[in-house]
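If you want the building blocks of each chain, they are given just below.
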Amino acid sequence: MFSLSVLPPPPRYPSQPGGGYNGISATGGVLPMIETNNILTTPTGPEYQFLVGEGLYVLKEDLHLATPPPHPSEAPIQNPNPLSTAPQPATAGTQLSLINIDVGPLPPSFYRSNSRSDGVSGSIQEHPDERSQSSTEVRESTSDGGRLNSSDGGGGHFGSHAPAFGEGNTLLTPTPTKDSNKRRKPKNNMTKSNSSFISRVINHETLSKKLQERARDGMFAFANVNRAFQWLDLSSPTKAEYLTKILFTKAHCLSHDVNRVTKSAAHVDVVMGFSTGEIIWWEPISQRYTRLNKNGIINSTPVSCIAWIPNSENLFLAAHMDGTLIVYDKEKEDAIFSPEDEGTPLSSPSTAVRSSSDAPPLPRPTSSTSSSNNKTTTSSAIHKIHIQKSVHSKNQKVNPVSVWKLSNQRINAFAFSPDNRHLAVVSEDGTLRIIDYLSETLLDLFYSYYGGLTCVTWSPDGRYVLTGGQDDLVSIWSPGVDGTTQGHLVARCQGHHSWVTGVKFDLWRCDLDETTTGPGRNYRFGSVGEDGRVCLWDFSLGMLIRPRHDAWGCWGRSLGRVVVGGGAIRGCRGETVGRGGGKGEGLRKGEVRPRAVEPRASTAVLPPVLSKIIDDDPLCWLEFTRDAIITSCKSGHIRTWSRPAELTPLGEQENKVE
């Protein structure tokens, strides 16, 4: 008898010639690790192209970020059993934050193409320079990753009337500086830091010169891969050379964001959330930083998602993996947080629910249909935000600014609405929460078909929310935040063969003309997943596929278009849409009942216009820019896919004719 043993795979980074396996010399000493550089390639061939209705997308370049080896002090991770349920170290693959320092031109509401996937030629006649009270007034840089941000220019339509978070609490007013034109910098020098949290900082030898000679319309990128964080200039011909590379000792950066309000040629605010729960506020131009939540003094669980609060210079929101959302102030010191020590809020007492550090478990709603009376009944619990510290609290001298407990399971992602009033949050428990974060109240709660939800984004006009999840589906939701309709599931999108890891709308192929109403408005969005597949979807209410074995009324409910006497929206079997979910009788402000999971037989299905495997490794991020689609995978490949040449703004087409 003999036993079989499985050897671990060889190391990705070679050791010195003649050295032992895995960087261990024959004498038992640790050999110095080789630091590799980024690699830029331009692969060609039919496997690096994909055809959509508007034309051919071609891989322009593949930037492979150097993945650092484990730190010598870090305990080696043994090859786990792939079927094991033991907790693994938190990781997020490669995420990017794109930013254009200079304010770019107004993006067009729609890009006309010669053909569409449905064979209908484009008919949008709006000029991109027209000024009207519509969503085309959004002033943004075309290279800012397709985000709607009024901060990138004056007079934005979205969010222009939204109050500031915490408005009315004078204790949150930032301390004025002596020079109003100068931004406050972090207090520590990154390059001279002796902190054990930071292993090494490498700046480009001609960093100052590169910043002075960069193109005005160029795009910066901040990217994380493993325990490294890089600052790149994607507009440079030598984009493979990083401007700054930071190596952390043991912590992995899981999420990061750039402040669009404070960005300028002399100042950029970046926040990073780590697997240790710590947060770094970094200003790359001055190379200064500040550590927040040091040693997990406020919350010791990893930060899964982090973003600046819209229109705020100092405040940002971090999602921790214990199901907690925490608002931090970049300039305030940290203090040990205890929910029981917090005083009464200055306002909104009905929404400030005092609770222990663990919120009650969230039961999944169940639906059952009785054959005798042909009615659907739903049993579900009441849900609300457990506010452990309100933004209106009198204690605002130290962090945290606000703490909201949503669940006992990890929060995977969140996204702010274009009007800067609402927050969509997805969690490992399979929930999508719609929150009015200005008043700290829960508006609605939906469940996935099964499994957790992993990513979320809003449509540019705020009418729809997209989620991707462990059910291999992209779901389209109508959040109902406008008050005219109730929140409901619009459609499920089938095209992925594994977990969906990223969803995003393509602003340059969405019809944002507010004069278009009803089922005529068109949207383009994309998704990526762990199957290495990218899917593109064209969506309008008129394109949805009606379920075969279902009545028209039930399909109409998913569209929210079936109206009966008295104007009440009705669903299958005459039941009111949202019965047993959302707001209802006997509920206080901020309390909701979750919507029951819609069965497949009553849900519209949207097929993709493209579904193609573009990477051997699991994809984890995508973004749309004016000229390209950018994707990234867990092994550090950043791929830029050029748009079809015939896809040009309507205004540019008219100029060429003249």
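Predicted, not measured: the structure shown is a model, and the values here were computed from it.

Looking at the overall build of the chain
Within the chain one finds 3 helices and 38 strands. Summarising the internal contacts of the chain: among those between residues at least 6 apart in sequence, 63% fall at separations of at least 24. Carbon and sulfur atoms form 51% of the exposed surface of the chain, whose accessible area is close to 28,900 Å².

As for unusual backbone geometry
Asparagine 399 connects to proline 400 through a cis peptide bond whose omega is 5°. Counting through the fold element by element, proline 400 comes out in the loop between strand 20 (386-389) and strand 21 (402-405). Backbone geometry places asparagine 311, a non-glycine residue, at a positive phi of 65°. Residue class for asparagine 311 comes out partly exposed when judged on its relative accessible area of 40%.

Some details on the pattern of salt bridges
Summed over all chains, the structure comprises 21 salt bridges. In this structure, arginine 639 and aspartate 62 form a salt bridge, with 3.0 Å as the shortest nitrogen-oxygen distance. Taken together, the residues arginine 639 in strand 37 (residues 637-642) and aspartate 62 in strand 3 (residues 55-64) connect sequence positions 577 residues apart. Owing to a relative accessible area of 10%, arginine 639 belongs among the buried residues under this scheme. Taking relative accessible area as the criterion, aspartate 62 reaches 4% and is therefore assigned buried. Between aspartate 461 and arginine 521 there is a salt bridge, and its shortest N-O distance comes to 2.6 Å. Of this pair, aspartate 461 sits in the loop between strand 26 (453-458) and strand 27 (465-469) while arginine 521 sits in the loop between strand 30 (500-505) and strand 31 (523-529), and the two are 60 residues apart along the sequence. An identical accessibility class is assigned to aspartate 461 and arginine 521; each is buried. Several salt bridges share partner residues, and in doing so they unite Glu54, Arg509, Arg524 and Asp538 into one network.

Thoughts on the pairing of strand 27
Most of strand 27 sits inside the fold, with 5 of its 5 residues counted as buried. Residues of strand 27 alternate between two faces, with Val465, Thr467 and Gly469 on one and Leu466 and Gly468 on the opposite face, all of them buried. When strand 26 meets strand 27, the two strands line up antiparallel, connected through 5 bridges. Its bridge partner being in strand 27, cysteine 455 is matched across the sheet by glycine 468. Two strands pair when backbone bridges link them, and strand 27 and strand 28 (residues 473-478) are joined in this way by 4 bridges, in the antiparallel orientation. Looking at strand 28, one finds that leucine 466 is bridged to isoleucine 476. Linking strand 27 to strand 28, which pair antiparallel, is a turn of 3 residues; within it aspartate 472 sits at a positive phi near 65°.

Section: the packing of aromatic side chains
For the structure on display, the rule yields 25 aromatic pairs. Judged by centre distance (6.1 Å) and plane angle (80°), the ring pair of phenylalanine 165 and tryptophan 404 falls under edge-to-face. Taken together, the residues span a long stretch of sequence, with phenylalanine 165 in the loop between strand 5 (111-112) and strand 6 (188-189) and tryptophan 404 in strand 21 at a distance of 239 residues. With respect to class, phenylalanine 165 is no different from tryptophan 404; both count as buried. With 6.4 Å between their ring centres and 90° between their planes, tryptophan 231 and tryptophan 282 make a pair best called edge-to-face. Taken together, the positions of tryptophan 231 in strand 9 (residues 228-233) and tryptophan 282 in strand 13 (residues 279-283) put the pair 51 residues apart, joining distant regions of the chain. One aromatic cluster is present, built from ring pairs that chain together Tyr464, Phe505, Tyr523, Phe525, Trp537 and Phe539. Over the ring of phenylalanine 220 we find arginine 214, and its NZ or CZ is 4.4 Å from the ring centre.

As for the side chain of lysine 504
Mapped onto the secondary structure, lysine 504 falls in strand 30. Within the buried core, lysine 504 has no salt-bridge partner, and the shortest N-O distance to an opposite charge, that of glutamate 623, equals 4.0 Å.

Let's talk about the pairing of strand 11 (residues 253-258)
Burial runs high along strand 11: 6 of the 6 residues are buried. Where strand 11 lies against strand 12 (residues 270-274), 5 bridges are found, and the strand directions are antiparallel. Note that in strand 12 the partner of aspartate 257 across the bridge is valine 271.

Some points on the sheet that holds strand 29 (residues 488-494)
Taken in spatial order, the 5 strands of this open sheet run 26-27-28-29-33, and their pairing is mixed. The sheet is open, and its two edges are formed by strand 26 and strand 33 (604-606), each paired on a single side. For this sheet, the mean angle separating the axes of adjacent strands, direction not counted, is 25°.

Notes on the nonpolar core
Formed by 28 residues in total, the largest nonpolar core has its most connected members in Phe165, Leu317, Leu325, Trp404, Phe414, Leu423 and Tyr437. Of all elements in the fold, only strand 15 (303-308), strand 16 (315-320), strand 17 (324-329), strand 22 (411-416), strand 23 (423-427) and strand 25 (441-447) reach the threshold of two or more residues within this core. When sequence neighbours within four positions are dropped, the list of residues in contact with leucine 325 reads Leu317, Ala318, Ala319, Ser402, Val403, Trp404, Leu406, Ile411, Phe414, Leu423 and Val425. Counting residues in hydrophobic clusters, the runner-up holds 24 residues, among them Cys493, Val503, Cys510 and Leu544.

Some remarks on the environment of serine 602
Structurally, serine 602 can be placed in the loop between helix 2 (552-559) and strand 33. Sequence separation between serine 602 and proline 547 is 55 residues, and the spatial gap between their C-alpha atoms is 6.6 Å.

Side note on the sheet that holds strand 22
The strand order across the open sheet built from 4 strands is 22-23-24-25, with neighbouring strands paired in antiparallel fashion. At either margin of the open sheet sits one strand with a lone partner, and together these are strand 22 and strand 25. Strand-to-strand twist across the sheet, computed as the mean angle between neighbouring axes with direction ignored, equals 20°. Here strand 23 runs beside strand 24 (residues 431-436); their pairing, made up of 4 bridges, is antiparallel. If you follow valine 425 over to strand 24, its bridge partner there is arginine 433.

Notes on a nonpolar patch on the surface
On the surface, Leu51, Leu56 and Val58 cluster together into a nonpolar patch covering about 250 Å² of accessible area. With respect to the helices, strands and loops of the structure, leucine 51 is situated in strand 2 (residues 49-52). The class of leucine 51 is exposed, set by a relative accessible area of 61%.

A short note on the environment of proline 618
Mapping proline 618 onto the fold places it in the loop between strand 34 (610-613) and strand 35 (619-624). Residues proline 618 and cysteine 633, spaced 15 residues apart in sequence, show a C-alpha to C-alpha distance of 5.6 Å.

What about the confidence of the model for the chain?
Per-residue pLDDT for the chain averages 77, and the proportion of residues at 70 or more is 67%. For residues 7-28, every residue scores under 50 in pLDDT, and the model assigns this stretch 33 contacts once sequence neighbours within four places are set aside. In the predicted structure, residues 647-658 sits below a pLDDT of 50 and forms 22 contacts with residues beyond four places in sequence or in another chain.

Topic: the state of the cysteines
With the rule as written, the count across this model stands at 0 disulfides. Lacking any disulfide linkage, cysteine 493 is separated from the closest cysteine sulfur, that of cysteine 535, by 9.4 Å. According to the relative accessible area criterion, cysteine 493 is buried, its value standing at 1%.

Rules used throughout
Residues numbered from 1 in each chain as written. Predicted model: local features only at pLDDT ≥ 70, side-chain atom pairs only at ≥ 80, totals over all residues. Heavy atoms only, no water. Helix = DSSP H or I, 4+ residues; strand = E, 2+ residues; numbered from the N terminus. Contact = heavy atoms within 4.5 Å. Areas by Shrake-Rupley, 256 points an atom, 1.4 Å probe, with all protein chains shown as cover. Buried < 20%, exposed > 50% of the residue type's maximum accessible area, 1.4 Å probe, protein only. Salt bridge = Lys/Arg side-chain N within 4 Å of Asp/Glu carboxyl O. Pairing = 2+ DSSP bridges. Phe/Tyr/Trp six-rings, centres within 6.5 Å; stacked < 30°, edge-to-face > 60°. Lys NZ or Arg CZ within 6 Å of the ring centre and 35° of its normal. Lys, Arg positive; Asp, Glu negative; His and termini not counted. Axes fitted to C-alpha atoms, helices over the stretch in contact; angles between N-to-C directions. Core = buried A, V, L, I, M, F, W, Y, C linked by side-chain atoms within 4.5 Å. Patch = residues over 30% accessible without salt bridge, like charges linked within 9 Å, V, L, I, M, F, W, Y side chains within 5 Å. pLDDT = per-residue confidence, 0-100. Disulfide = S-S within 2.5 Å.

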